[in-house]
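Fold and geometry: a report
Letter by letter, the chains look like this.
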Amino acid sequence: MLTLLEPPGAKQHQRFQSGQYLLNLGGGAAAGADDEDYDDDEGIYEQQLERDQSGCCAPLEKILDRQLVGKSSSNEYSARWKREFRQRPSWCDADLCLQQIKRVRSMRGAAIIVKPVYRTAARKAKGNRWALYSRSFIQKALHSLGTFVQEHAWSVIVTVLLLFSLCCYGLQYVRIETDIVKLWVAKGGRLDEELSFHKRVLESVTYNHSRDDQAAEVVRENGLGGGYQVVIQTPEYEEQNMLTREGLLKHVAIMEEIANISINKLGIDWTLSDLCFKPAKPDTSDPMARKFEGVIDKIIPCIWITPIDCFWEGSKPLGPDPAVNKNKELGMLALGGMLDHIDGVDVSWKNLNPTEIIHGINKVFSLGTYALMFDRAGIGKGYLDRPCIDPLDPECPRDAPNYFETCESGLIDRWVEMMEKRGEKIELKKIEEFSIFDMDFGSLLNRKKRQAEPLEVMAEADEAMDPQNNSTRLESVVAMENVAVNVNTTTTTTASPIQVPTTTMTPTKRKEYCTERHGSMLQWMAKPENRHLWNELLGQHSGPRYPDYPTVMSDGCGGFARGVLQWPSDMILGAAKRDVSGALQAASALQSVFLVASPNDVYLRFKTSASLLSKPQLADTNWTTAAAEEVIVSWQRAFTQLLYKHKHNFETTENGVEKERRTIHPLASTSIADMLEEFCQFNYTIILVGYGLMLVYAMVTQLRTERCLPAAHSCMGLAFAGVVTVTFASVAGLGMATWFGIEFNAATTQIVPFLTLGIGVDNMFMLLHNYHDVVAMSNRNEMGVLLRETGMSILCTSTNNILSFLAGTLLPIPALRSFCAQSTILLTFNFIAILTIYPAVISIDLRRRKAGKRDILCCLPDPVEENYRQSKQQPGRKPMNGEASYRNLISKTSHHQKEIEVDDSLSHGHHGFLEEVVPYTLHAAIRNYYIPFISNKCVKVAVIMASIGLCVVAVMGMQQASIGLELSDVLPEHTAPAAFLKARDSYFSFYPMFAVLKGPHIDYPHQQQLIENYRNTIGASQYVIKNARGQPSEAYWLGMMRDWLMSIQNQTDQAIARGQIDVATASIHHSNSTKISDAALTGFKLLCSHGEKYECMGRVGKVRLVDATGVINPDGFYNYLTAWFNQDNMMYYVTQASFFPNPPSWAVNVSGVVPAAEPLAYSQIPFYLTGLTNTPVIVEVIKEIRSICDDFTIRGLPNFPQGIAFTFWEQYLHLNGNLMQAIATIALAVFVVLSVLLFNPWAAASILAILVCMTIQLAGFLGWAGIKMNPVSAVTLITAVGIGVEFTAHVVLAFLTSLGNRQERMAAAVDRVFVPVIHGALSTLLGILMLAFSEFEFVVKYFFVVMSALIVIGLINGLILLPVLLSLAGPPTEITPLDNKRCLQLPPPVRKSEVDDYEDGPMCYQLEDLTGGAGDALQSVVAIKRTRDEIGAVPEWTDDVRPAIISS
């Protein structure tokens, strides 16, 4: 045995290189030039496990060491990769970093041969081992994935594409949700429970019983579930006053057109009067009176809330149309002289005195309490005693306050004389008289239902006012009196004035004379060309008196039943102007509202009374609730389409071009849903343009040319494939979202495709940016190396993007939840595709690149790339052991020393930049100008001060921000529904609401006072519209029931006083002379009925239906409720009580007890709210009303408010809390995820600080830009936290993995990631660019603008502020060389067997005499090399070996 000795203590490492280089002499590719970067410490270092592991984590560290350390070998990489590793070790390979941290050094002294020798720790580096463990695990997983993908590229592509295609199959089940309530109201929440309450009641209560022995009775109409239809008339020019003759008559004409809209469904014509919400017809007990039920039903009008109700013209839309024929349908009344006030034979609300007719019918045939109801409702003369908007209207009634009288004043004679002098002829109107021969006597005995004639939409307003088109036909003068005329053959004639002196006429003849000429005279006066003749005609007489329209309308208007139907001015007049005394001066808009009945009510209306309602074709087999709904929806669409295309919505310019100028704005309950259904479809043109722009941008940025053709290192094809991959992944993600049952909406179709494209291609640019370096640095497993080095950044950003949108689902808005959930799924699919399909595509393209073929033009070679490829090839033969000469050794040693010096120079003088960049590029500008600029201390101070200033300004902007989302913003711009909502927001601030009482456990009989207090408390709010008495403007059912019972009690008391009711015997005395009235009889039966009992003794004359305090007798409350519901049915409908279940049917002629109603499961009290001008005010109203409701619920009265304001603004009560919760959740998630992935809370906190700063600045931008805070903008704030990671994670990760001081690491990080971050930001901006062209205003405002601002803010903070903060207080590097150099040497190459051999602990083998004696030292070196190869470890040299080898 030969022992080589060196004098102890000799330190000659400055002159000698590591013995490792001697071991690798002649090692070929594996031990040649690649080994020159290994460390050169004085000892012989090996990859080993540390012996001195201790503490509670020692077992875990051993497991991690066994699994994660020693799996990479430094001899697997090129020299360029090794130089990269020296500067960014943990970026390149965390395993090699751990090897350097855990290496040990042998003890100096005598060599122990063959046996293991334990050594003291001598680490080459120190650092965050746990972060490196985590990084090593992730890198190995990504490296394995990349290697697998590269080896099985086509298999991976086919497999993933098949799986994605299976997901795409779900797209055939796409359902687009257009119900704005379902889009806005969270499922399962309080509001959803309240909105669905009546539906649950409806499903649970379908039938009721009058008595136990009777069959189930079908539920009757109850007014629940109807839909409001609204028409707003706006000015044609600014400051136009609508309270003028022209403005009001324009509104009248529009209302007439609406009333006459006719559709044909199921072979039947339907008009508004068939479908509207109106009081039910009377249910009388008199068989003869029932013959008039059909006529009365036709006369009962729809309930309109309209400003024209202040005037007689408000009767025109009410109809009925066709009018009731006085001869054929009301002949008996005409015979009795009850219709003498009506000229002609057509009876409508224009000439109808309803009270006179009802009382006339009641005198002949008993209508029970129906006549009493007319008196209580204040119907009176209907519209006959209301002023006429235009007193020159020929039909203006004589009872009108401003009727223009022409007969008694003699004006008619003056006009006839004027016409005679001017030679003009007069059109005379013949009065159609009643004829007994035209009476339909058969109808009185067996009345059959006649089918209604089809109705057509009225002519335009100006045509309707034209006498040639007037609905009333003119007839020739017939000098005959009392001659019967056929009502169906009216004619007109033009004749000269009658030459009979008017002074000799009888009163009847005079009346006829005036009537025949009155209309013609008014029409002549109304013509503008005759205005100048008024003075000549009128002389000393006063002209027509036009009303003072503002004064008439100052306190609102009354409906056809003025006693209970009052329309406050806030409901019907928009932007009203009043003087200091409160008197109305002008208004800028008019609004009319009418209610269409629910499908269930329309179904019941014609199912139970089809024989009386002119629809005999409806059979039970084809008339269903669904059919009724189809009819209603069809009419609503006809209504909106008619007014969308109305002539008043267009004007003709001087050039003859028709231009849209909307002044008539309709809205039906179907309008928004129809519009959303139309515009929520995918706009494939916009999508193709957006994706095309992205393709162009990606391909241009990746183009590299050589001789005007794409070079081999160009990546245009990969850019194209990347965009296509992201696109297909997005489509597959949408399909998967459909499989999960997520419904599509406007956000899905208008935003998701572009947003996910912009975010998805960021990772593509990151891969392509590093792809060029990986190809240059690695000769095999390129995809593994690419994913290992780049995948960590992709993992950080993608994970946080996914989590940010996932956090957005915390907002309780279904539409936004769907949007965030779909975005989460799409980003997940993009992440999967970018780690599987795209690397496989890159690996296929890599074959082209290695072959030296041009990009795109794969058949053409690239000469430059071919020469480069040949120059990289290594010698094909591996040198034999011992072939290396001393000269080679010295040459390699000198070269290695030069490389070290060069690397040290780079690290000290050029911020660690390892390669030059192409001049005049963005990268060159960043390195040469931006990095030196941002490294300046003064610039750093300025950046920090500017950032603080931005945050201060942002906080000020947040204080300027307001909450709210205009409904018009969520609709497409320039659409009719959007125009309506803008008009409503501009001119009107009222909303209807209902206070719903939740039964059936409410004790109505004993909680009457509590219910009254509940209504009064809500009514006391300043936002509730009140009547002159200070009470809520809308009547409610309990009060109307009380009033009815009091009137019944009065009738009963009168009957007792007249002796018709004997109190002593509790019986009724029948007498032919004094017949008891139906009202008194009803009162008698109610007094006797309580519960299921019918007891009269001791109750009649003693028990009061309503006591002195106004409380209804609790014992018979539900009996009284049944009677009121049946006998005072019109008032029930007026109050919109919507009982469920309905009380049973009952008539006064039914003997026995009045059946008690079931406890009410549902009833409601109406209110109208006003002054709701903006979201903050609406939120305050909601808080106030909610507080009242909650208080009364605690007091034992279950209730809740319901209305548009609560449906769409309720969420703002919890918006701030939900937003803070979501932001806190995503912020915590980002911090945890980054802490786990980076295993560095300091780095995670640095990123989080920047994200918080970005969020504050974005919120401030919203305030300064006037973008309101609402659930949509809240989503952008939430996602900003996750998307902001795109601008920060790359920088921080590059900073952590670089070596040097903070300044040098910051420079290296910016140099490495600035370009891909810029490309990612620009690609995201380009992806969302098409959102700027969306037809939805909220898409442009709340996504394009806000996301663009987020990108700008992200770039400022991520590439300016963050580098400055990192250079000042950034986290320490993950690994630090112990020699304080700016670079880290690679550990020696290892094999897998080494770790297996060393599992028992750190050890080494010393050199034994393998040569058999003294010999050539170089042969000993070769022997050592052979020993390493055989035993799988580097043998330990004694300290005496090195000098002997060198001296030889």
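Only a predicted model underlies this, so the values are computations on that prediction, with no experimental measurement involved. (Residues numbered from 1 in each chain as written. Predicted model: local features only at pLDDT ≥ 70, side-chain atom pairs only at ≥ 80, totals over all residues. Heavy atoms only, no water.)

Another point: helix H42 (residues 1037–1057). With 21 residues, H42 extends 30 Å between its outermost C-alpha atoms, agreeing within 8% with the 30 Å of an ideal straight helix rising 1.5 Å per residue. Once H42 ends, the next one or two residues include Gly-1059, with phi positive near 85°. (Helix = DSSP H or I, 4+ residues; strand = E, 2+ residues; numbered from the N terminus. Expected span 1.5 Å × (residues − 1).)

Right, let's get into the packing of aromatic side chains. Taken as a whole and assessed by the stated rule, the structure comprises 38 aromatic pairs. A centroid spacing of 5.3 Å and a plane angle of 75° characterise the contact between Phe-819 and Phe-1343, whose relative ring orientation is edge-to-face. Pair noted here: Phe-819 is in helix H34 (residues 814–835) and Phe-1343 is in helix H53 (residues 1337–1369), with a separation of 524 residues, a long-range link. Phe-1343 matches Phe-819 in its accessibility class, with the two residues each being buried. A ring pair is formed by Phe-1125 and Tyr-1132, whose centres lie 4.7 Å apart and whose planes are at 75°; its orientation type is edge-to-face. There is no split in this pair, since Phe-1125 and Tyr-1132 are both buried. Feature note: the residues Phe-277, Tyr-1004, Trp-1037, Trp-1124, Phe-1125, Tyr-1132, Tyr-1133 and Phe-1139 constitute an aromatic cluster, connected by ring pairs. Above the face of the Phe-1295 ring, Arg-1305 is positioned so that its terminal group lies 3.9 Å from the ring centre. (Phe/Tyr/Trp six-rings, centres within 6.5 Å; stacked < 30°, edge-to-face > 60°. Buried < 20%, exposed > 50% of the residue type's maximum accessible area, 1.4 Å probe, protein only. Lys NZ or Arg CZ within 6 Å of the ring centre and 35° of its normal.)

Ranked by internal contacts, the top residues of the largest apolar core, which has 330 residues, are Ile-258, Phe-560, Trp-623, Phe-819, Trp-1037, Trp-1124 and Phe-1338. Leaving out residues up to four positions away in the same chain, Phe-560 has contacts with Pro-279, Pro-301, Ile-303, Leu-318, Trp-349, Ile-379, Tyr-383, Arg-386, Leu-565 and Met-1130. In terms of nonpolar packing, the next biggest core, distinct from the first, is built from 22 residues, Leu-411, Tyr-513, Leu-522 and Leu-537 among them. (Core = buried A, V, L, I, M, F, W, Y, C linked by side-chain atoms within 4.5 Å. Contact = heavy atoms within 4.5 Å.)

The contact between helix H52 (residues 1302–1328) and H53 brings their axes to 10 Å, and the two run at 175°. One finds that H52 runs roughly antiparallel with respect to H53. Listed contacts from H53 to Arg-1302, Gln-1303, Met-1306, Val-1310, Phe-1314, Val-1317, Ile-1318, Ala-1321, Thr-1324, Leu-1325 and Ile-1328 of H52 are Phe-1344, Met-1347, Ser-1348, Ile-1351, Leu-1355, Leu-1359, Pro-1363, Leu-1366, Ser-1367, Leu-1368 and Ala-1369. Looking at side-chain class alone, the contact of H52 with H53 contains 17 nonpolar, 4 polar and 1 charged residues. (Axes fitted to C-alpha atoms, helices over the stretch in contact; angles between N-to-C directions. Parallel < 35°, antiparallel > 145°, perpendicular 65-115°, else oblique. Nonpolar A, V, L, I, M, F, W, Y, C, P; charged D, E, K, R; others polar.)

Mapped onto the fold, Phe-831 is located in helix H34. A relative accessible area of 17% places Phe-831 in the buried class. C-alpha of Phe-831 to C-alpha of Thr-797: the two residues are 34 residues apart in sequence and 9.9 Å apart in space. Sequence-distant contacts of Phe-831, defined by excluding residues within four places in its chain, comprise Ile-794, Leu-795 and Ser-798.

Within strand S17 (residues 589–596), 8 of the 8 residues are buried, which leaves the element mostly enclosed by the surrounding structure. Residues Ala-589, Gln-591, Val-593 and Leu-595 point to one face of S17 and Leu-590, Ser-592, Phe-594 and Val-596 to the other, with burial holding for every one of them. Here strand S4 (residues 227–233) pairs with S17 via 7 bridges, running antiparallel. Considered in S17, the bridge of Gln-233 is made with Leu-590. Alignment of strand S7 (residues 304–305) against S17, held across 2 bridges, turns out to be antiparallel. Across the sheet, residue Trp-304 finds its bridge partner in S17, namely Phe-594. (Pairing = 2+ DSSP bridges.)

Excluding glycine, residues mostly carry a negative phi; peptide bonds, for their part, are mostly trans. For the bond from Gly-319 to Pro-320, the omega torsion is 0°, close enough to zero to count as cis. Position of Pro-320 among the secondary structure elements: in the loop between S7 and strand S8 (324–325). In this chain, Gly-999 is followed by Pro-1000 through a cis amide linkage whose omega measures 0°. With respect to the helices and strands, Pro-1000 occurs in the loop between strand S23 (991–998) and helix H41 (1008–1019). Unlike most non-glycine residues, Ala-575 shows phi in positive territory, near 50°. Note on placement: Ala-575 falls in the loop between strand S14 (573–574) and strand S15 (577–578). Using a relative accessible area of 31% as the deciding quantity, one classes Ala-575 as partly exposed.

So, on to the confidence of the model for the protein chain. Per-chain confidence: the protein chain averages 77 in pLDDT, with 76% of residues scoring 70 or above. A low-confidence stretch, residues 105–121 (pLDDT under 50), is modelled with 45 contacts involving residues beyond four sequence positions or located in other chains. Contacts from residues 434–500, a stretch scored under 50 in pLDDT, to residues over four places away or in other chains number 129 contacts. (pLDDT = per-residue confidence, 0-100.)

As a further point, take the sheet that holds strand S28 (residues 1162–1169). Read across the sheet, 3 strands follow the order S28-S23-S29 without closing on themselves; strand pairing throughout is antiparallel. Edge positions in the open sheet fall to S28 and strand S29 (1199–1203), since each of these has one partner strand only. Shown here is a sheet whose adjacent strand axes are inclined to one another by a mean of 25°, direction ignored. As paired elements, S23 and S29 share 5 bridges and run antiparallel to each other. Across the sheet, residue Ala-995 finds its bridge partner in S29, namely Pro-1201. Sitting on the sheet, H41 is in contact with S23, S28 and S29, with an inclination near 20° to S28.

Under the definition given, this model contains 5 disulfides. There is a disulfide in this structure between Cys-276 and Cys-302, and the S-S distance comes to 1.9 Å. Here the disulfide of Cys-276 and Cys-302 is left-handed, its torsion about the S-S bond being about -80°. Of the two residues, Cys-276 sits in the loop between helix H13 (272–275) and helix H14 (293–299) while Cys-302 sits in the loop between H14 and S7, which places them 26 residues apart along the sequence. Both residues of the pair, Cys-276 and Cys-302, belong to the buried class. Note that Cys-310 is cross-linked by a disulfide to Cys-557, the S-S spacing being 1.6 Å. The disulfide joining Cys-310 to Cys-557 has a torsion of about -95° about its S-S bond and is therefore left-handed. Taken as a pair, Cys-310 in the loop between S7 and S8 and Cys-557 in strand S12 (residues 557–558) lie far apart in primary sequence, 247 residues in all. (Disulfide = S-S within 2.5 Å.)

In this section: the pairing of S4. Among the 7 residues in S4, 6 count as buried, and that is most of the element. Where S4 and strand S20 (residues 664–667) come together, 4 bridges link them in antiparallel fashion. Following the sheet pairing, Gln-233 is matched in S20 by Ile-664.

With that settled, the discussion passes to the environment of Lys-1341. Positionally, Lys-1341 belongs in helix H53. Here the alpha-carbon distance between Lys-1341 and Gly-1266, two residues 75 residues apart in the chain, equals 9.9 Å. The contact partners of Lys-1341, leaving out residues within four places of it in the chain, are Asp-969, Ile-1267 and Val-1346.

By secondary structure assignment, the location of Ser-714 is in the loop between strand S22 (709–710) and helix H30 (716–739). At 3.3 Å, the side chain of Ser-714 forms a polar contact with the backbone oxygen of Gln-702. A polar atom in the side chain of Ser-714 sits 3.1 Å from the backbone nitrogen of Arg-704. The residues contacting Ser-714, other than those within four sequence positions of it, are Gln-702, Leu-703, Arg-704, Arg-848 and Asp-855. (Polar contact = N/O pair within 3.5 Å; in protein donor to acceptor, adjacent residues only side chain to side chain.)

With that out of the way, let us pick up empty space enclosed by the protein. For the structure shown, the criterion picks out 19 cavities of 30 Å³ or more. Estimated volume of the largest cavity: approximately 220 Å³. As for the largest cavity, its lining consists of 15 residues, of which Leu-183, Trp-184, Ala-815, Val-970 and Phe-1338 are closest to the centre. Those elements that provide at least two residues to the lining of the largest cavity are helix H9 (180–184), helix H31 (746–750) and H34. Take the lining of the largest cavity: its biggest share by element is 3 residues, from H9. The class makeup of the residues in the lining of the largest cavity is 14 nonpolar, 1 polar and no charged. (1 Å grid on protein atoms, 1.4 Å probe; cavity = no way out; pocket = protein on both sides within 12 Å on 5 of 7 lines; lining within 4 Å. Points joined across faces, edges and corners; volume = space filled by probe spheres on them.)

When the charged atoms of two side chains lie near each other, side chains of opposite charge can form a pair. According to the stated counting rule, one finds 34 salt bridges in the structure shown. As a salt-bridge pair, Glu-660 and Arg-662 come within 3.4 Å of each other at their nearest N and O atoms. Among the ionic pairs, Lys-1183 bridges to Glu-1180, the shortest N-O distance being 3.9 Å. Placement of both Lys-1183 and Glu-1180 in helix H46 (residues 1175–1194) is noted, with a separation of 3 residues, approximately one turn of the helix. Looking at Lys-1183, the relative accessible area reads 43%, which means it is partly exposed. The exposure class assigned to Glu-1180 is partly exposed, which follows from its relative accessible area of 44%. Through salt bridges with shared partners, one network takes in Arg-190, Glu-194, Arg-1186 and Glu-1210. (Salt bridge = Lys/Arg side-chain N within 4 Å of Asp/Glu carboxyl O.)

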